[in-house]
Amino acid sequence: MKTSIATVSISGTLREKLAAIASAGFDGVEIFEADFLAFDGTPADVGKIVADHGLEITMFQPFRDFEGMPPPQRARAFDRAERKFDLMQQLGTDLVLVCSNVSPLAIGGIERAAADFHELGERAKKRGLRVGYEALAWGRHINDHRDAWEVVRRADHPNIGLILDSFHTLSRGIDVESIRSIPGDRIFIVQLADAPLVKMDYLFWSRHFRTMPGQGDFDLVAFMRAVAATGYAGPLSLEIFNDQFRGGSPKSISVDGKRSLIHLMDQVAREEPAVAQPPVPMPDRIAVRGVEFIEFSADEAEAETLATILRTMGFRFAGRHKNKHVDLYRQGGINIVVNTEQEGFAHSSYLVHGTSAYAIGLKVEDAAATVERARALGAETFAEQRAPGELSIPAIRGVGGGVLYFLDERSDLARVWEIEFNLVAATNEPDAGLTRIDHIAQTMNYEEMLSWVLFYVSIFRTRKLPAVDVVDPAGLVRSQVIESTDAALRLTLNGAENPRTLAGHFMSRSFGSSIQHLALATDDLLATAERMAALGFEALDVPYNYYDDVEARFGLEPEEIERLRQHRILYDRDEAGEYLQMYSRSYGDGFFFEIIERRGTYAGYGAANAPVRIASQKRALNLDDRIAATL
Ligand code: MG
Ligand code: MG
């Protein structure tokens, strides 16, 4: 698989872009004319920088408004083409993209366009150049790859070929199966972009909202399966116009681009093994079986506060690490680890972020295979110095520089608690009925969200749900659910832009992305709430008005409403079932626990209640005043 990316896809100067593209491991680059024009050097200089980075120029683009012009403009279009040909030769590339004409002057007709391309092919041939024709979704006469292919077919010239761009095909909902009958050697390049499904003018949608494959809603696997069936063996080139990426880090966006192509072609090869090669040999996406533990880093004093909160939630101290200041608290199938070491990664994480849930332990079928896949996708592996007798737990770096550990049943990893901890015997004291970790909420900068979506969906067998906006009194927070189909792993990613929002404040206080809340499940929240209240748990206050609204919306009996109100439980219901949720007060820089009960097959996260919860949390922290004082 030859990979390429258009310079327009990332931010920076042309030099910065080329350096980032090369270091992410791409083979080639599409030089966008605007990037070249802004460059203070000759075309040969560009060609040299590209070559010095070990890249090749896969294509120069765009050349606009060429085919089907009436007489005076037609001659000028050919003159313009000759000048582009000069430039291409100086740059050292043999392929140019001609996008379908959008000029009001353009005259329609497949035959006319084909004749123009035949003539252009003759001129290109004299210079040893090739011309690719792309149907823009908003082209005046040609806006469908099937018509563009018909133009190319009738132009009947070896130097004229077709360019496919997944955005133009998928945005218009054109059947991708129509690609299968195109001869692969007549396709000069394939450009890839994903996008969220929105109703919008094609041009505006394309210029601002394209994303890397896997980050949007298009079926790029189906598109590439059809392309693979043609025998096409040329570059796969990302052409991503995205406002966020233009302002983002060239390095991380290039890395995401490479990851998106490897992930896409891995899926295509698995579904179309007769015609598609895997890009890198690696295990299939990893099925997560559950969350084994969450680890906090803290200092001694804060660890004591955290331990107190955990006890009021029915957790009990279950043991201490044999060599480290690391305590284990347990309830049901939940393991919470509190690390107060004065050295090592947890401590550096504490120094940077303060008390935080910096590591997640996931149960998987094969921990080594998980790291192998993550590494093939460009994720950073993680390992720490170990004392004798300690296990080497396979791990990678995750959101906010945190750690994802992987545990399986194949080795001693299955006995990590027995091996590394001095466990204490369980008491007969009843717990609070918490059974498992239901979901993990990670807060991050809005700009990072697409990156982490791709991270999770490419490594793990998960899917992303449509993003929703959560209303904070101070602004919107974008919320994106990532989950495995069996719900063994549920993550909510919250993207904050505004420091006045609760999520934004948490971000600024904890110096970067982190886990902001953990949702723990019970089979009976009313009983759990009663037990926790007896243990001294302080639930987040809920405004009185909220319950009048719940009563009116859902028609609950007054006694039911009273019990919810008494325990400060929020309520939601849909066709599938009911969702009851209760929150802890915020702790540290804004971390909190959520206790939930799912009834029936309710699969949501109580998003409708989020504004009430956020307002209550901000009130409890007196946050609006404190934020105002710092801004
Ligand atoms: Mg394109
Ligand atoms: Mg939640």
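Residues numbered from 1 in each chain as written. Chains lettered and ligands numbered in written order. Predicted model: local features only at pLDDT ≥ 70, side-chain atom pairs only at ≥ 80, totals over all residues. Heavy atoms only, no water.

*Asks:* Lay out the coordination of the magnesium ion (ligand 2) with the relevant residues and their values.
*Replies:* Donor atoms from the polypeptide that coordinate the magnesium ion (ligand 2) comprise His439 (NE2), His517 (NE2) and Glu594 (OE), at 2.1 to 2.3 Å from the metal. One chain supplies every donor to the magnesium ion (ligand 2), and in sequence these donors are spaced H-x77-H-x76-E. Residue His517 is located in strand S22 (residues 514-522), and its partner Glu594 is located in strand S25 (residues 592-600); the two are separated by 77 residues in the primary sequence. On the accessibility criterion, Glu594 (1% relative accessible area) is buried. (Donors = N, O, S within 2.8 Å, 3.2 Å for Na, K, Ca; no water. Helix = DSSP H or I, 4+ residues; strand = E, 2+ residues; numbered from the N terminus. Buried < 20%, exposed > 50% of the residue type's maximum accessible area, 1.4 Å probe, protein only.)

*Asks:* Go over the sheet that holds strand S4 (residues 95-99) with me, naming the residues and quoting the values.
*Replies:* The 8 strands lie next to each other as S1-S2-S3-S4-S5-S6-S7-S8, forming a closed barrel whose pairing is parallel. In this sheet, adjacent strand axes meet at a mean angle of 30° when their direction is disregarded. Pairing geometry for strand S1 (residues 3-6) and strand S2 (residues 28-32), over 3 bridges, is parallel. Looking across to S2, one finds that Ser4 is bridged to Gly28. Taken strand by strand, helix H5 (residues 110-127) contacts S4, strand S5 (130-134) and strand S6 (160-165), and its axis lies near 150° from that of S5. (Pairing = 2+ DSSP bridges. Axes fitted to C-alpha atoms, helices over the stretch in contact; angles between N-to-C directions. Contact = heavy atoms within 4.5 Å.)

*Asks:* Tell me about the nonpolar core, and please be specific about residues and values.
*Replies:* Membership of the largest hydrophobic core comes to 107 residues, with the highest contact counts inside it found for Met313 and Phe593. The dominant element in this core, judged by the number of residues it contributes, is helix H16 (residues 449-459), at 7 residues. Residue contributions to this core reach at least three from each of two domains, namely domain 2 (288-423) and domain 3 (434-630). Each residue touching Phe593, except ones within four places of it in the same chain, is listed here: Phe296, Leu306, Ile309, Leu310, Met313, Leu518, Leu520, Met582, Tyr583 and Ser584. (Core = buried A, V, L, I, M, F, W, Y, C linked by side-chain atoms within 4.5 Å. Domains from an automatic or database assignment.)

*Asks:* Report on the coordination of the magnesium ion (ligand 1), specifying residues and quantitative values.
*Replies:* Within the first shell, the magnesium ion (ligand 1) binds the protein through Glu134 (OE), Asp165 (OD), Gln191 (OE1) and Glu239 (OE), at distances of 2.1 to 2.2 Å. All donors of the magnesium ion (ligand 1) belong to a single chain; written as a sequence motif, their spacing is E-x30-D-x25-Q-x47-E. Of this pair, Gln191 sits in strand S7 (residues 187-192) while Glu239 sits in the loop between strand S8 (236-238) and helix H10 (243-247); the two residues are 48 residues apart in sequence, bridging distant segments of the chain. Residue Gln191 is classed as buried on the basis of its relative accessible area of 0%.

*Asks:* Outline the packing of H5 against helix H6 (residues 145-155), listing residues and values.
*Replies:* When two helices pack together, their arrangement is captured by the angle between the axes and the distance separating the axes. Running from N to C, H5 and H6 point in directions that differ by 55°, and their axes come no closer than 8 Å. In terms of orientation, H5 lies oblique with respect to H6. Of the two elements, H5 crosses H6, and the hand of that crossing is right-handed. Here H5 contributes Ile110, Glu111, Ala113, Ala114, Phe117 and His118 to the contact with H6, which in turn contributes Asp147, Glu150, Val151, Arg154 and Ala155. (Parallel < 35°, antiparallel > 145°, perpendicular 65-115°, else oblique. Left-handed = near helix turned anticlockwise from the far one by under 90°.)

*Asks:* Describe the sheet that holds strand S14 (residues 395-397), listing the residues and the values that go with them.
*Replies:* One open sheet holds the 8 strands; their spatial order is S14-S15-S13-S9-S12-S11-S10-S16, and the pairing between them is mixed. The open sheet has two edge strands with one neighbour each: S14 and strand S16 (421-423). Taking each pair of neighbouring strands and ignoring which way they run, the sheet shows an average axis angle of 25°. Pairing geometry for strand S10 (residues 316-321) and S16, over 3 bridges, is antiparallel. Bridged to Arg320 within S16 is Asn422.

*Asks:* Give a detailed account of the packing of aromatic side chains, specifying residues and quantitative values.
*Replies:* Taken as a whole and assessed by the stated rule, the structure comprises 28 aromatic pairs. Consider the rings of Phe345 and Tyr358, whose centres lie 5.8 Å apart with planes at 40°: the pair is tilted. Residue Phe345 is located in helix H13 (residues 345-353), and its partner Tyr358 is located in strand S13 (residues 356-364); the two are separated by 13 residues in the primary sequence. Residue Phe345 is classed as buried on the basis of its relative accessible area of 17%. Residue class for Tyr358 comes out buried when judged on its relative accessible area of 7%. By way of ring pairs, the aromatic residues Phe293, Phe345, Tyr358, Phe382, Tyr405, Trp417 and Phe421 are connected into one cluster. Above the face of the Phe188 ring, Arg130 is positioned so that its terminal group lies 4.7 Å from the ring centre. Above the ring of Tyr605, the side-chain terminus of Arg598 is found at 5.3 Å from the ring centroid. (Phe/Tyr/Trp six-rings, centres within 6.5 Å; stacked < 30°, edge-to-face > 60°. Lys NZ or Arg CZ within 6 Å of the ring centre and 35° of its normal.)

*Asks:* Tell me about empty space enclosed by the protein, and name the residues and values.
*Replies:* Inspection of every chain in the model, using the stated rule, returns 5 cavities of 30 Å³ or more. Here the largest cavity is characterised by a volume of approximately 60 Å³. Counted by class, the lining of the largest cavity contains 5 nonpolar, 5 polar and 1 charged residues. (1 Å grid on protein atoms, 1.4 Å probe; cavity = no way out; pocket = protein on both sides within 12 Å on 5 of 7 lines; lining within 4 Å. Points joined across faces, edges and corners; volume = space filled by probe spheres on them. Nonpolar A, V, L, I, M, F, W, Y, C, P; charged D, E, K, R; others polar.)

*Asks:* Describe the pattern of salt bridges, with residues and values.
*Replies:* Any two side chains of opposite charge can pair, on the condition that their charged atoms come close. In the structure shown here, the tally under the stated rule is 48 salt bridges. Here Arg74 and Glu119 are joined by a salt bridge, their closest N and O atoms 3.1 Å apart. Within this pair, whereas Arg74 is found in helix H4 (residues 71-91), its partner Glu119 is found in helix H5, the two being separated by 45 residues in sequence. Linking Arg490 and Glu483 is a salt bridge whose minimum nitrogen-to-oxygen distance equals 3.9 Å. Judged by its relative accessible area of 9%, Arg490 falls in the buried class. With a relative accessible area of 4%, Glu483 lands in the buried category. Linked by salt bridges that have partners in common, Arg74, Glu82, Asp86, Asp116, Glu119, Arg123 and Arg127 make up one network. (Salt bridge = Lys/Arg side-chain N within 4 Å of Asp/Glu carboxyl O.)

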